[in-house]
Amino acid sequence: MRESRLGRFVVALRELLGRLPVTSWLIGGEEAAVSHTLRQGLLAALLIMVGSWGVGWLPITPDSLLATSPLLLPLRTTTGGVVTCTVLLVLGTLLLVRSWLRLSRRVGGWTAEATATVRTAVWMWSAPLLLTLPIISRDVYSYLAQGRVLQSGMNPYETGVSELPGWFMEGADGVWAQSPSPYGPLFLLIARGIWVLSGGVPEIGILCFRLLSLAGVLLMVRVIPRLARAMGSQPAWALWLCLLNPLSLLVLLPAAHNDAPMLGLVLLGLWWCLRRRRLAAVVVLTAAVAIKPIAVVVLPFAMLLTLDRTDSYALRLREWLVAGAVAVLLLLAAGQALGVGLGWVTAALTAGSAITQAAPVGLLGGAVGWVVAEAGGPEADVVASAVHLGFRVLSVLLVAVMLLRPRLGNPVLWAGYAVALVVACSSIIQPWYLLWVLPLVAVVHVHRGRLLMLVTLVLTGVVLVSLVGQLSVAQWIDTATVQSIAVLVALAYLAFLVLIDPGTGEHFDLSRPAQRWNLAEGWTSVRAPTIRRRSWSRRELVPDTMPDTVPDLGSSSGTGAGADAGTARGSPADGPRDPADRPRPADRPSPEDPR
C-alpha cells in the first residue's frame, strides 16, 4: 500500500463511502474481499455500456433500428451528451483496468478456487458489454459489408466494399473500403450467412457476430485452463491474463472481432493435438486459418504436440506432410465454395497495402522508398512494397528455422514466438494482434515483476489510444475537444492508478525483477533462460492432466508430481504478489538438467 497522504486519504474516503447507503453496495465490505472487486468490474462494464451509446459507432442507414432512437439521440447529438458519454467510457475502461489488477491480488493465489472466480468475473463483466455499440474498432460493419459483397456475386478478394451502394452509411470504415478482404473463406461464408439472416439490419448483424465471438470466448474459457494445467502453468493466471485484460474484453465482445473464434479454434486444436486427436485437430486449426490466415503459423508447431518426442526430423516431417495435405484439401474446398480456389491466399496476404503502413516495418519501407525515389530510383510505392515483401519472406524463413531447431522448446510457447515474429515483420500492426500471442505464452508460464508491469501498461495504453481515436462524434461537435477531454480524464485516472491508489500501486513497482514460473522450473529469471539439452517431449507434460501422458516423468525432469513439485520448485500461489523478489537458488534448474 502506498504510504502517502493521498493514499491515506483514498483509504479514508473508501471507508466513508462504504458506510453511505447509496454507495455501500459498491464500496462497502472488506477491502480484500473478492466480491468487492467483482462488483466494481461490473460497474465498469455498465459505465462502458452507457458511454458507448453516445460515442460508439452507429450506422445512419434507414435500415438501422437505433439510428433515430429517442433514447440515444440526446446522447449522440448534443455536446453535453457526447462529453458525458466520453467521460463515462474512459472512466469505465480505467475502472475495468483497476478491477482487473486488483482481482489478481484478491483471489488469494492462483488456485482452483481462483479459477472459478476468474471465470465468474469473465461472464459477470462481459454481460453488459454485449449491449454496447461497437467501440475500439468498427470492423464489424466491414464484416457485414463483405458478406454483402459475396452475396451480391462479387469476389471480396478482388472487390472492396466501396463498390456497394450506400456502404458508408452502413458503417464500414472508409480506410478499408477499397482493400480486398484479409479474412479466410470460412469467415466470408459466415459473413454472407449473417448478412442474409439480418436482412441488412446492422444491429441484428452485430448481434450475430457477437454471438460468434461469444462462442470463441466460451471455447477459450474451456480450453485455456486445460492447456495451462498440462503445460505446468496456472489455469487461473492464464484466464486472468488472456480474457480479463481490458483489451480482450473490449475487442472480442463490444467490437465483435473475429479474433475470438479464430483464437478459440487455435487453442482447441492445440488441446486436441495433446489428446492425439490428429484429424480433429487439423480440421479445427484449418478452420481457424480459414477465418484469419495468421493461424497457419501455429499449425506446424501444434502438430508436434502429437509426438512422444520431437528430436526426430523424420517424425516431424511425417506430421507436417499429413497435416499439410489435409489442410490444403480443406482450404481448397473452402475456396471452391467461394469460387476462388486458393487465390484467396495471395489476396489476403496483400490486403491493406493501400492504406498507411503504420508499423515499424511499414514506416521503414516508406522511408526507404522515399529516399530511393528522391535519388532518382523507382517510385516510392514500388520500393516500399518490395521492402514489405522482403520482411514477409524473412519472417517465413525465421519461422522455418524455429521449426527445424534440433532442440525445439515447448511447441506452444514457440508458436507464440513465431506469431510475435510474424506480427513484428508485418507492415501493419493493430492493437489486438497482441491477443494472438498472450494465450500461447500464458498457458506455459506465469510471469511477474517488471515484464508483467510492461504488458499491463501496453494493454492499458493501446486500449486508451484506440478508444480515444475511435470515438464516433457528430460532425457539428468539435471532435478535437471531445478527444482532449478523454485524454485528460484518462491521464488523470492512470496517474491515480500508478502513483496513488493503494489497491494497484504495488503492481507498478519497478524494483521487482522480471520472472517466470512453471511447475517444472519454479521461479526463474527471464534474463537467464534454461539452456535446453534435448528437444521437447510429452514427458514434460504434468502428470494426470492427459489421458495418454507418460506416467513416470522421472527425477531428471525436475517436475515431481502435482502440488509437491510446485512446492519444491517454488509456488506462484500469490501470483504477482508473491513476496519473494528473486528466485532461490533451488528454484533454478541445474546446469545438468536435461531439459
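These lines cover the structure that appears in this document, whether it is placed above or below. (Residues numbered from 1 in each chain as written. Predicted model: local features only at pLDDT ≥ 70, side-chain atom pairs only at ≥ 80, totals over all residues. Heavy atoms only, no water.)

**Some words on the overall build of the chain**
Scanning the chain from N- to C-terminus turns up 23 helices and 3 strands. By the burial criterion, 56% of the 595 residues in the chain qualify as buried. Pairs at least 24 apart in sequence give 75% of the contacts found in the chain among residues at least 6 apart. Of the accessible surface of the chain, which amounts to about 24,400 Å², a share of 66% is contributed by carbon and sulfur atoms. (Helix = DSSP H or I, 4+ residues; strand = E, 2+ residues; numbered from the N terminus. Buried < 20%, exposed > 50% of the residue type's maximum accessible area, 1.4 Å probe, protein only. Contact = heavy atoms within 4.5 Å. Areas by Shrake-Rupley, 256 points an atom, 1.4 Å probe, with all protein chains shown as cover.)

**Details of the pairing of strand E2 (residues 515-518)**
Here E2 shows two buried faces, one formed by Gln515 and Trp517 and the other by Arg516 and Asn518. When strand E1 (residues 446-448) meets E2, the two strands line up antiparallel, connected through 3 bridges. If you follow Arg448 over to E2, its bridge partner there is Gln515. Pairing analysis gives 4 bridges linking E2 to strand E3 (residues 522-525), with the strands arranged antiparallel. From the neighbouring strand, Asn518 faces E3, where its bridge partner is Gly522. (Pairing = 2+ DSSP bridges.)

**As for the pattern of salt bridges**
On inspection of all chains with the given rule, the structure shows 7 salt bridges. We note a salt bridge from Arg138 to Asp173, for which the minimum N-O separation is 3.4 Å. Taken together, the residues Arg138 in the loop between helix H6 (112-126) and helix H7 (139-151) and Asp173 in the loop between H7 and helix H8 (185-198) connect sequence positions 35 residues apart. For the pair Arg138 and Asp173, one class covers both residues: buried. The residue Glu319 makes a salt bridge to Arg318 at a minimum N-O spacing of 2.7 Å. Residue classification places Arg318 among the partly exposed positions, given a relative accessible area of 41%. (Salt bridge = Lys/Arg side-chain N within 4 Å of Asp/Glu carboxyl O.)

**Notes on the side chain of Arg148**
Position of Arg148 among the secondary structure elements: in helix H7. The buried category is assigned to Arg148, whose relative accessible area is 13%. When residues no more than four places from it in sequence are discounted, the contact partners of Arg148 are Leu164, Pro165, Glu170 and Trp195.

**Concerning the packing of H8 against helix H9 (residues 202-231)**
Interhelical geometry of H8 versus H9 gives an angle of 140° and a closest axis separation of 9 Å. One way to sum up the angle between H8 and H9 is to call them oblique. Relative to H9, H8 is oriented so that their crossing is right-handed. For the pair H8 and H9, the contacting residues are Phe187, Ile190, Ala191, Ile194, Leu197 and Ser198 in the first and Ile204, Gly205, Cys208, Phe209 and Leu212 in the second. A per-class count over the contact of H8 with H9 returns 9 nonpolar, 2 polar and no charged. (Axes fitted to C-alpha atoms, helices over the stretch in contact; angles between N-to-C directions. Parallel < 35°, antiparallel > 145°, perpendicular 65-115°, else oblique. Left-handed = near helix turned anticlockwise from the far one by under 90°. Nonpolar A, V, L, I, M, F, W, Y, C, P; charged D, E, K, R; others polar.)

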